[in-house]
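Descriptive structure summary
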Amino acid sequence: MKMQDVAKRANVSTATVSRVLSNPDKVSESTKKRVLEAIDELNYQPHVVARQFRTMQTKIILVVVPDITSAFFSQILRGIEHVAIEHGYQVILADTENKTEREREYMNILHQKQADGMVLLTARMNKHELEEISDAFPVVLACEYMDELNTPTVSIDNISSSRKAIQHFIDMGHRKIAHITGPMDVILSRDRLRGYQQAMYSNDLPMDSLYIQEGNFTIESGYNQMKKLLSLDEPPTAVFVFNDEMAIGAINAVRDQGLSVPEDIAVIGFDNINMAPIFTPKLTTIDQPKYEIGQKAMNLLLSLINKEPLEKRKFVLKDELVIRETCGYTLSRNNDSRDKDGNAISTKILEH
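Notes on the structure follow. Keep in mind it's a predicted model, so treat the numbers as computed, not measured.

Parameters at a glance
- Residues numbered from 1 in each chain as written.
- Predicted model: local features only at pLDDT ≥ 70, side-chain atom pairs only at ≥ 80, totals over all residues.
- Heavy atoms only, no water.
- Helix = DSSP H or I, 4+ residues; strand = E, 2+ residues; numbered from the N terminus.
- Areas by Shrake-Rupley, 256 points an atom, 1.4 Å probe, with all protein chains shown as cover.
- Pairing = 2+ DSSP bridges.
- Axes fitted to C-alpha atoms, helices over the stretch in contact; angles between N-to-C directions.
- Polar contact = N/O pair within 3.5 Å; in protein donor to acceptor, adjacent residues only side chain to side chain.
- Core = buried A, V, L, I, M, F, W, Y, C linked by side-chain atoms within 4.5 Å.
- Buried < 20%, exposed > 50% of the residue type's maximum accessible area, 1.4 Å probe, protein only.
- Contact = heavy atoms within 4.5 Å.
- Parallel < 35°, antiparallel > 145°, perpendicular 65-115°, else oblique.
- Right-handed = clockwise from strand over helix to strand, strands pointing away.
- Left-handed = near helix turned anticlockwise from the far one by under 90°.
- Nonpolar A, V, L, I, M, F, W, Y, C, P; charged D, E, K, R; others polar.

Attention now goes to the overall build of the protein chain. A count of helical and extended segments in the protein chain gives twelve helices and twelve strands. The principal-axis extents of the C-alpha atoms in the protein chain amount to approximately 85 × 40 × 35 Å. Here the protein chain displays about 17200 Å² of accessible surface, and carbon together with sulfur accounts for 47% of that area.

Judged by pairing direction, the sheet is parallel, and its six strands sit side by side in the order β2-β1-β3-β4-β5-β11 without closing on themselves. The open sheet is flanked by β2 (90-95) and β11 (314-316), the only strands paired with a single partner. The sheet shows a mean angle of 20 degrees between the axes of neighbouring strands, direction not considered. Where strand β3 (residues 117-120) and strand β4 (residues 139-142) come together, three bridges link them in parallel fashion. The partner of Val 119 across the bridge, within β4, is Val 140.

The next point concerns the side chain of Thr 58. Mapped onto the elements of the fold, Thr 58 is located in the loop between α4 (48-55) and β1 (60-65). A distance of 3.1 Å separates the side chain of Thr 58 from the backbone nitrogen of Ile 60, its partner in a polar contact.

What follows deals with the nonpolar core. With 47 residues, the main nonpolar core has Ile 166, Phe 169, Ile 177, Ile 180, Met 226, Val 239 and Val 267 as its most contacted residues. Of all elements in the fold, only α8 (158-171), β6 (177-181), α9 (187-202), α10 (219-230), β8 (238-241), α11 (244-256) and β9 (266-271) reach the threshold of two or more residues within this core. Of all the elements, α11 adds the most residues to this core, at seven residues. Those residues in contact with Ile 166 that lie beyond four places of it in its chain are Ile 177, Tyr 196, Ala 199, Met 200 and Phe 240. Counting residues in hydrophobic clusters, the runner-up holds 27 residues, among them Ile 80, Tyr 89, Met 298 and Phe 315.

Helices that pack against each other are described as a pair by the angle of their axes relative to one another and the distance between those axes. Close contact between helix α1 (residues 3-10) and helix α2 (residues 14-22) brings their axes to 8 Å; oriented N to C, the two are set at 100 degrees. Between α1 and α2, the angle falls in the class roughly perpendicular. Residues Met 3, Gln 4, Val 6 and Ala 7 of α1 form the contact with α2, whose participating residues are Thr 14, Val 17, Ser 18 and Leu 21.

Going from Val 261 to Pro 262, the amide bond is cis rather than trans, its omega being 10 degrees. Note that Pro 262 resides in the loop between α11 and β9. Pro 281 follows Thr 280 through a cis peptide bond whose omega is -5 degrees. Mapped onto the secondary structure, Pro 281 falls in the loop between β9 and β10 (284-287). Although it is not a glycine, Phe 217 sits at a positive phi angle of roughly 85 degrees. Relative to the helices and strands, Phe 217 resides in the loop between β7 (212-214) and α10. Owing to a relative accessible area of 18%, Phe 217 belongs among the buried residues under this scheme.

A few words now on the pairing of β1. When you tally the buried positions in β1, you get six out of six residues, the bulk of the element. Here β1 shows a buried face lined by Ile 60, Leu 62 and Val 64 and a second buried face lined by Ile 61, Val 63 and Val 65. Relative to β2, β1 runs parallel, the two being bridged by six bridges. From the neighbouring strand, Val 63 faces β2, where its bridge partner is Leu 93. The handedness of the β1 to β2 crossover, carried by helix α5 (residues 73-86), is right-handed.

As a further point, take the packing of α10 against α11. Close contact between α10 and α11 brings their axes to 6 Å; oriented N to C, the two are set at 45 degrees. Our classification of the angle between α10 and α11 gives oblique. Crossing hand, α10 versus α11: right-handed. Contacts from Ile 219, Ser 221, Gly 222, Tyr 223, Met 226, Lys 227 and Leu 230 of α10 reach α11 at Glu 245, Met 246, Gly 249, Ala 250, Asn 252, Ala 253, Val 254 and Asp 256. For the contact of α10 with α11, the per-class residue count stands at eight nonpolar, four polar and three charged.

In structure tokens form, the structure reads like this:
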């Protein structure tokens, strides 16, 4: 079947059929419905290569993910794909496995004109490389960001969200607060650590370098870093963890030591993955608007592809501290911590 056959069946011009396929927003609903019904009845398949030559577009979007096995990215990808499909685009995923060189290799897909644009969910390349590619092609950076970067970005404020988590611990009476970070070559890890440090400093609480342990995003890493914290002469009473997966590993380590969460040690994660509310105990965490991040990133990319002016290039979406069971007590049973004025802090106040 050819486009002319579809046009004849729908009683429209071939130009209208083409417009429905490439720019459906510019066609009336009744006409669009008639054309789509004709396409379905005739099982018409557009000739992709011919269309590329005509329009100089592939209708393909490349999404670069640092780790496709991470539960965090599923909702972001869904947000991207829903907007892409609505506008006639297909999404191709590229998994870097957290390797900078792999990230650079995927840039060749843009250079070879095999995709119309790219959403980066990771940015291990240096700022100069990223600016170079975004100056030449439509590129949006989501989740991560860099200071003074002209590339459009969508994220939350990781520093303030981390401060929020630590302040919650402090408000519940905790003073010995540790942090399991992500890899420190990742800007998100550095920002979440900065938020932790700012909250501790503003509350006049000492920061022990032994209370800061570097993980690598995985459940196993969270488990191992929590074991280190529990082996200290004075283990923390509360731990803020870079992401939920490491937080789950950390809680398992606490259990294997014969201790309990939150009775002996409180835990807050980050991301609010699907496992967080069904894990036992239910995980207190920072919720990122993951689906909305994906939607916003894809809409920004479409604006770049269509050469539409952007009102602004930096979008910071709202996060939320979701309080569940893993920090339901103020302190461990045998903790004798005192507040900054030297007063003894009461123990084991239930508060879910």
